[in-house]
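If you want the building blocks of each chain, they are given just below.
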Amino acid sequence: MYKALIEDTFHDSEGAETTTFAATDKNLLVLIEKFLGFEIPPKVFLQAIAIADYDCAAAFRYVENYLTILKNKNKRKHKNLLVLGYSTRFENN
């Protein structure tokens, strides 16, 4: 237990540097595949590619966040739709 306390004391998460890696060609293909099936503005697509140029992980977070927002927006649109049907009870005799 004492050892754990010492490690926690000297571990400074705020001062820790994170290393970023640019996306490889394979990463870019996976990133592009995530957009398949969605209508997105070209600006969003180009922004994701630009982010991937210097930070692959951030680009994937950007895409996931955008698609989550897009999916939630589409759910709200479909939630408010009213489906009307007809009834045979009110036929003219």
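Residues numbered from 1 in each chain as written. Predicted model: local features only at pLDDT ≥ 70, side-chain atom pairs only at ≥ 80, totals over all residues. Heavy atoms only, no water.

### Comments concerning the overall build of the protein chain
- Check the secondary structure of the protein chain and you find four helices and zero strands.
- Written out in order from the N terminus, the α and β elements of the protein chain read α-α-α-α.
- Relative to its 93 residues, the protein chain shows a buried fraction of 16%.
- Looking at the protein chain alone, contacts between residues at least 24 apart form 62% of all its contacts between residues at least 6 apart.
- Within the structure as shown, the protein chain displays about 8600 Å² of accessible surface, and the carbon and sulfur contribution to it stands at 57%. (Helix = DSSP H or I, 4+ residues; strand = E, 2+ residues; numbered from the N terminus. Buried < 20%, exposed > 50% of the residue type's maximum accessible area, 1.4 Å probe, protein only. Contact = heavy atoms within 4.5 Å. Areas by Shrake-Rupley, 256 points an atom, 1.4 Å probe, with all protein chains shown as cover.)

### Side note on the packing of helix H2 (residues 25-34) against helix H3 (residues 42-52)
- In the contact formed by H2 and H3, the axes pass within 11 Å of each other and the chain directions differ by 155°. On the basis of their axis angle, the class for H2 and H3 is roughly antiparallel. Considering only the axes of H2 and H3, their crossing is right-handed. In this structure, H2 contributes Leu28, Leu31 and Ile32 to the contact, and H3 contributes Phe45, Ala48, Ile49 and Ala52.
- Partitioning the contact of H2 with H3 into residue classes produces seven nonpolar, no polar and no charged. (Axes fitted to C-alpha atoms, helices over the stretch in contact; angles between N-to-C directions. Parallel < 35°, antiparallel > 145°, perpendicular 65-115°, else oblique. Left-handed = near helix turned anticlockwise from the far one by under 90°. Nonpolar A, V, L, I, M, F, W, Y, C, P; charged D, E, K, R; others polar.)

### A closer look at the packing of aromatic side chains
- In this structure the tally under the stated criterion is one aromatic pair.
- Where Phe35 meets Phe45, the ring centres are 6.0 Å apart and the plane angle is 65°; that geometry is what we call edge-to-face. Of the two residues, Phe35 sits in the loop between H2 and H3 while Phe45 sits in helix H3, which places them 10 residues apart along the sequence. (Phe/Tyr/Trp six-rings, centres within 6.5 Å; stacked < 30°, edge-to-face > 60°.)

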